[in-house]
Amino acid sequence: MNKTYDLKLREVDQRRGSVCERICITIQGAVQGVGFRPFVYRLAHDLGVTGWVNNSPQGVTIEAEASPDVLRAFVTALREQKPPHAQINHLSVLNLPPHGSRDFEIHPSDHAGTKSAVILPDYAVCADCLRELFDPNDRRYLYPFINCTHCGPRYSIITGLPYDRPATTMASFEMCEDCRAEYENPLNRRFHAQPIACPKCGPQLTLWDTNRQALAVRHAALLLAAGAIRQGKIVALKGLGGFQLLCDAANPQAVMRLRQRKNRAHKPFALMFPRLEQIQQVCEICPLETGWLTASEAPIVLLRKKLISRDDPIAPDNAYLGVMLPYTPLHHLLMRELDFPIVATSGNISGEPICIDNQQALTKLHDIADLWLIHDRPITRPIDDSVVQVVNDDITVLRRARGFPLNCGTINEINVLAVGGQQKNTIALSNGVLSQHIGDMDSVETETAFKNTIQDLQTLYDFQPHVIACDLHPDYHTTRCAEAIGLPIMKVQHHYAHVLACMAENQLKPPVLGVAWDGTGYGTDGTIWGGEFLLVEEHGFRRVGHLRPFYLPGGEQAVREPRRSALGLLYALYGDAAFEHEHIQTMFNGSELSLMQTMLKKRINSPLTTSAGRLFDAIAALLGICPFASFEGQAAIALEAAAVQSSTDECYPYLITEITDEQWGTGHMLETKPMVSSLLEDRSAITDIALKFHNTLANMIVDMARSIAVKKVALTGGCFQNRTLLSILSSVGFHPYHHRLIPPNDGGLSVGQIIAVEMGGRNVSRSSGQNS
């Protein structure tokens, strides 16, 4: 029960005057866990307003009584002076008869009604808590779980709505008298800070060895872990949303051991730096990037490296480095001890979700880590670090997870659950909820995390779907799960969902030309799309253009071997002459080439594709940059790394041809043969050829958009994570709509699927579900 705080009645009577009105204010948005109720209390106290405030499953409810002028000032101040992390999505006012109340109270939370309150994300430690953390006179000195209403865990510890301590994993930690006094004082910044704790009553650190033996506890555990990192050891640290694997970034032996143990041969690692100045020594950084590094979201920010090298142990063949600053008190304490950059990568077996449980981490990471720095505050769900980049002075979120709210602003009157795609999976609910990044559906563990997230969000919001939206691809795990639920299903074409997600974020109405370029998406004709120009109309889309199709010998195997995309591209362009080409001869031995020849001539597991992503792969392989790939996007990343080292503005020739399709009618095709022929004959430096290829793609997009002549153009799909391609488009005066807070990759598909159900129309496949 919350304590009642009486106002000075005489002051109230003087401020209220003779005429009194009473209103009920309902506020929806991010208003729980941000200090909103104490803000309302203080504001009411200052203005002489009486009444009450409480949390509800929808947000915050206020009954306020005062003179009309004071009430108007009160409502205005609610909007304009709200706490830093608060977000008001909707505010409604209803007139009530006056009660003659003479105080302002904070009422207990109301648990009735539909659950729609925005669940806040975990935020980086605030400046006030950081100051206290390093103040020897503060009772939370060096305490790694310090927090307040402006910072600390939220989504990673919540178990129910409304957001109160009993509905968090802190429920088992009984507050000491000092914490209780802060928690119950509306004038304290820790008033109803649900994770509030201190060294007396809160979670504590322990350092385990591989046998689960406690080597040290509390601050001594942290000091011992820091010493192990200095010695080249790998430490598994339990962070905010799960475990991280840490090692000394300047110790090549330690980094190589981590790569070998984690089976992560080339994929870049993220680095955590103690201070911003150290990042500036190795990366180019603009003010907007600095702002994101120091923001409360505290994401990994991709920065342009000052030195690009194939031999870089952290991010080989990559123009960019993923960096972050310490964002939890625990990280700040550790980095103060180390004062050098460390690798901070996801604490998981490659392809699985990050570990969140202590015992699970010891088991799963037994062959990777040397020590485990754990704590006893439970984590309810895995939440990765978010990843962002800045392009053309604007932000793009590439992985939406820790620090970003679950709300995406997309509302559909029908209760729809959208299950996303196979890679970079997220799910969405039609009440405006977009889940955290879940991962690639390539392991049983990730499939389990996917199902858990669906159940988790449905439970948190009491959400019962009436329709399931999924991808058109019949073999996606998410599609099979949708079919097994037993509700009506709407299958949405992959690239259509991409375009709709971008339209939703930019609040675009049809007609819109969507340029959807990515690696793989199942087309309505059964082929693999990925270089698409889709005209979105009122009730669906038309495929009005695409790249020239080519073959993928081995299907999915071509994703792991870009050399196969190279051969399939040349075979589509030149026929049998492709097998004699010098570039192909150097990438395949005789028996391999004979097998490829049989597959392509007999069309055995050699699907056609228009994929721009596979075109990037093919060119990277032909240039000798990346014939084999150990992770998705490796070839395109390496090709861009070469391109950024050139300054040429030249491009290759290409054609836009008119085609007729049985399903779509008249359209356009980007003929790539002139470009590929010129590229193969080019004897320029590899870096120049790589940039000419990027220049050509940019020109293709601009010319195709002008040919189709639709005013609004939206860029979407994984290929538009390529900063060089986007920068070239901007430099030629082409300014289309693009993604910002919803990822352009498959992490945004679920949002587009929600919109597709609302729009309906000819491009949504309906079925009843196998169990209905």
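These numbers come from a predicted model, not from an experiment.

Asks: Now, about the side chain of Lys 692: what can you tell me, with residues and values included?
Replies: Along the chain, Lys 692 turns up in helix H22 (residues 686–708). At a separation of 2.9 Å, a polar atom in the side chain of Lys 692 contacts the side chain of Asp 682. There is a polar contact of 3.2 Å between the side chain of Lys 692 and the side chain of Ser 684. Residue contacts for Lys 692: discarding those within four places in its chain leaves Thr 648, Glu 650, Cys 651, Tyr 652, Asp 682 and Ser 684.

Asks: Describe the pattern of salt bridges, and please don't skip the residues or the numbers.
Replies: Tallied over the entire structure, the rule returns 34 salt bridges. Put simply, Arg 548 and Glu 671 hold a salt bridge, and the shortest N to O gap is 3.0 Å. Of this pair, Arg 548 sits in the loop between strand S25 (540–547) and strand S26 (550–551) while Glu 671 sits in strand S29 (residues 665–671), and the two are 123 residues apart along the sequence. For Arg 548, a relative accessible area of 19% gives the class buried. In this structure Glu 671 comes out as buried when scored by relative accessible area, which is 10%. The shortest N-O distance in the salt bridge between Asp 576 and Lys 601 comes to 3.4 Å. Within this pair, whereas Asp 576 is found in the loop between helix H16 (562–574) and helix H17 (582–587), its partner Lys 601 is found in helix H18 (residues 590–601), the two being separated by 25 residues in sequence. Three or more residues are tied together by salt bridges with common partners; here these are Glu 561, Arg 563, Arg 564 and Glu 592.

Asks: Any details on the packing of H16 against H18? Residues and values, ideally.
Replies: As a packed pair, H16 and H18 sit with axes 11 Å apart at the nearest point and diverge in direction by 50°. In terms of their interaxial angle, H16 and H18 are classed as oblique. By crossing handedness, the relation of H16 to H18 is classed as right-handed. Residues Arg 563, Arg 564, Leu 567 and Tyr 571 of H16 form the contact with H18, whose participating residues are Glu 592, Leu 593, Met 596, Met 599, Leu 600 and Lys 601.

Rules and cut-offs
Residues numbered from 1 in each chain as written. Predicted model: local features only at pLDDT ≥ 70, side-chain atom pairs only at ≥ 80, totals over all residues. Heavy atoms only, no water. Helix = DSSP H or I, 4+ residues; strand = E, 2+ residues; numbered from the N terminus. Polar contact = N/O pair within 3.5 Å; in protein donor to acceptor, adjacent residues only side chain to side chain. Contact = heavy atoms within 4.5 Å. Salt bridge = Lys/Arg side-chain N within 4 Å of Asp/Glu carboxyl O. Buried < 20%, exposed > 50% of the residue type's maximum accessible area, 1.4 Å probe, protein only. Axes fitted to C-alpha atoms, helices over the stretch in contact; angles between N-to-C directions. Parallel < 35°, antiparallel > 145°, perpendicular 65-115°, else oblique. Left-handed = near helix turned anticlockwise from the far one by under 90°.

Remember that the coordinates give geometry; whether it matters functionally is a separate question.
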